[in-house]
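# Coordinate analysis (summary)
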Amino acid sequence: MYDQIIDKDNKNSALSVSKGKANAAMVNSNFKVIKRKELSADDYLKGIREGNRTILSKAITLIESNLYAHSVLAQKVIEKCLPFSGGSVRLGITGVPGVGKSTFIEALGKMLCDEGHKVAVLAIDPSSQRSKGSILGDKTRMETLAQDENAFIRPSPSAGSLGGVARKTREIIILCEAAGFDTVIIETVGVGQSEVLAHSMVDFFLLLQLGGAGDELQGIKRGIMEMADAIAVNKAEGKMKEISEIAASNYRNALHLFPMNENGWSPKVYTCSAYTKDGIKEIWQCVMDFVKMTKQNGYFYKNRNEQNLRILDESIKQSLLDNFYNNEEIKKELDIAKDDILDNRMSAYIIAQNLIEKYFKNLKQ
């Protein structure tokens with residue numbers, strides 16, 4: 001039937017059949033593999049300083065990589081960027097899931113960009129404990145801000161690090177500052193110890209809360225409230241406005257019970273709506289007032305110095321851990337030790353001590 005429809009001899013027919021090429025090669029002989037140029041530390045520095053987003057993103061990927069070769073190059077890039085860092089306001093924002101952190105950051109970031117600021121948002125995405133994967137959806141949730149030429153959004157997987165804060169965030173801050181971003185916002189996942197880690201790398205720590213979510217005085221741990229330089233009760237619009245004002249009043253009363261901070265700053269409480277943009281400007285003014293005051297009394301620089309010393313301490317600990325677990329002898333011993341622990345032949349504490357002693361003994365040889 002089909003032979004009657006197809007006019008094989010009429011070349012102008014849409015149903016004509018073309019003759020295939022005999023013994024055609026599977027791969028185009030003209031096809032060439034173009035190898036990408038490997039960037040040096042100087043190339044990365046040049047691109048970052050020129051505001052090249054692609055190179056900045058590549059440099060961040062380099063920092064996040066666990067490969068040793070990447071780690072060596074990443075440290076060289078960080079070292080070259082270091083003299084150009086430190087000029088931004090580092091703002092940490094935390095709050096329970098659903099409080100509206102991403103919406104708030106987009107509203108704040110867009111306002112700052114419209115005023116001529118350059119804003120980098122480092123959104124730490126929680127990694128799955130099973131698959132170790134992350135959704136990395138903050139760029140989608142901050143669609144308007146992501147399209148602004150003065151904004152840079154980088155979602156990073158927490159990779160199972162303590163509290164959900166990526167271990168490399170501090171190095172990424174240095175790169176963003178070297179790229180000319182004067183405001184760096186760090187969004188935590190809002191779980192466990194992530195707030196403590198975020199607090200150790202920022203100048204100002206903002207806690208977002210919801211009104212009407214239960215007993216406000218019990219709804220948050222005292223330790224997190226003590227770290228906060230300001231509390232903002234978000235989603236204070238419509239019917240929630242009055243409820244949010246009551247929650248804010250409760251927080252103000254609770255903060256009066258805490259001792260005075262070392263920096264001399266009295267934490268402020270606001271209500272805001274990331275949806276209507278109400279209160280966003282006042283909160284940013286609060287950040288500016290804090291920075292001005294702490295620079296005048298010297299706390300701002302003291303805090304930065306203490307953070308740098310903390311980085312030194314944590315880097316030493318991490319380096320020792322990496323060297324210990326990458327030691328070939330220790331790897332073999334660990335496999336045997338795990339069987340001993342599971343079969344209750346030896347205590348985990350004794351095995352740990354034996355492995356550490358063996359590790360340092362091997363270093364001396």
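This section reports on the structure supplied with the text. (Residues numbered from 1 in each chain as written. Predicted model: local features only at pLDDT ≥ 70, side-chain atom pairs only at ≥ 80, totals over all residues. Heavy atoms only, no water.)

This part covers the pattern of salt bridges. Summed over all chains, the structure comprises 13 salt bridges. Here aspartate 114 makes a salt bridge to lysine 110, at a shortest N to O gap of 3.1 Å. With aspartate 114 and lysine 110 both in helix α5 (residues 101-114) and four residues apart, the pair spans about one turn of that helix. For lysine 110, a relative accessible area of 24% translates into the label partly exposed. (Salt bridge = Lys/Arg side-chain N within 4 Å of Asp/Glu carboxyl O. Helix = DSSP H or I, 4+ residues; strand = E, 2+ residues; numbered from the N terminus. Buried < 20%, exposed > 50% of the residue type's maximum accessible area, 1.4 Å probe, protein only.)

Mapped onto the elements, isoleucine 63 comes out in helix α3 (residues 53-64). Taking relative accessible area as the criterion, isoleucine 63 reaches 5% and is therefore assigned buried. With 106 residues separating them along the chain, isoleucine 63 and threonine 169 place their C-alpha atoms 9.2 Å apart. Sequence-distant contacts of isoleucine 63, defined by excluding residues within four places in its chain, comprise Ala74, Ile78, Lys168, Glu171, Ile172 and Leu175. (Contact = heavy atoms within 4.5 Å.)

Now for empty space enclosed by the protein. Counting across every chain of the model gives one cavity of 30 Å³ or more. Empty space within the largest cavity amounts to approximately 30 Å³. The class makeup of the residues in the lining of the largest cavity is three nonpolar, two polar and two charged. (1 Å grid on protein atoms, 1.4 Å probe; cavity = no way out; pocket = protein on both sides within 12 Å on 5 of 7 lines; lining within 4 Å. Points joined across faces, edges and corners; volume = space filled by probe spheres on them. Nonpolar A, V, L, I, M, F, W, Y, C, P; charged D, E, K, R; others polar.)

A word on helix α13 (residues 299-326). Here α13 is 28 residues long and its end C-alpha atoms lie 40 Å apart, about the 40 Å a rise of 1.5 Å per residue gives. Buried within α13 are the following residues: Tyr299, Phe300, Asn303, Arg304, Gln307 and Phe324. (Expected span 1.5 Å × (residues − 1).)

Turning our attention to the nonpolar core. Across soluble globular proteins, nonpolar side chains show a tendency to be buried alongside one another. Residues Ile48, Leu56, Val77, Cys81, Leu175, Cys176 and Ile231 are the most contacted members of the largest nonpolar core, which totals 45 residues. In contact with cysteine 81, not counting residues within four places along its chain, are Leu45, Ile48, Ile174, Leu175 and Ala178. Grouped together as the second largest cluster of nonpolar side chains are 34 residues, Val121, Ala151, Ala232 and Cys286 included. (Core = buried A, V, L, I, M, F, W, Y, C linked by side-chain atoms within 4.5 Å.)

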